[in-house]
Amino acid sequence: MTAATSTPECRQHGPMTQRFTGTWYACTELTCWSAVLFPSAELVADLEAQGRTAKAP
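Summarised in this report is the structure supplied together with it. Only a predicted model underlies this, so the values are computations on that prediction, with no experimental measurement involved.

When helices and strands are counted, the protein shows 1 helix and 4 strands. Going from the N terminus to the C terminus, the protein shows its helices and strands as β-β-β-β-α. The buried share among the 57 residues of the protein stands at 11%. Surface summary for the protein: the accessible area is close to 5,400 Å², and the carbon and sulfur share equals 56%.

Here's what the structure looks like:
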């Protein structure tokens, strides 16, 4: 990736695809790793298409 606006690339496979995962919340304390992801409808559909379960908010 050469600029902030360009698409990132995998070193082995080329350009990456943007995923619409949802809304991500993380604790603001630097030493804390607590986080929550509310999945988007797109992520839920993608996971279900893979035979995996997901819950939409």
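Glancing now at the packing of aromatic side chains. Counted by the stated rule, this structure contains 1 aromatic pair. Plain terms: the ring middles of Tyr25 and Phe38 are 5.7 Å apart, the flat faces sit at 80° to each other, and that makes the pair edge-to-face. In this pair, Tyr25 sits in strand E3 (residues 22-26) while Phe38 sits in strand E4 (residues 35-39), placing the two residues 13 residues apart along the sequence. When its relative accessible area of 49% is taken as the criterion, Tyr25 is described as partly exposed.

Attention now moves to the side chain of Ser40. Topologically, Ser40 is positioned in the loop between E4 and helix H1 (41-49). Given the relative accessible area of 13%, Ser40 is considered buried. Here Leu43 takes part through its backbone nitrogen, which lies 3.1 Å from a polar atom of the side chain of Ser40.

Applying the stated criterion across every chain, the model contains 0 disulfides. A disulfide-free cysteine, Cys32 has its sulfur positioned 3.8 Å from the sulfur of Cys27, the nearest such atom. Taking the relative accessible area as the measure of exposure, Cys32 reaches 28% and is therefore partly exposed.

Definitions and cut-offs
Residues numbered from 1 in each chain as written. Predicted model: local features only at pLDDT ≥ 70, side-chain atom pairs only at ≥ 80, totals over all residues. Heavy atoms only, no water. Helix = DSSP H or I, 4+ residues; strand = E, 2+ residues; numbered from the N terminus. Buried < 20%, exposed > 50% of the residue type's maximum accessible area, 1.4 Å probe, protein only. Areas by Shrake-Rupley, 256 points an atom, 1.4 Å probe, with all protein chains shown as cover. Phe/Tyr/Trp six-rings, centres within 6.5 Å; stacked < 30°, edge-to-face > 60°. Polar contact = N/O pair within 3.5 Å; in protein donor to acceptor, adjacent residues only side chain to side chain. Disulfide = S-S within 2.5 Å.

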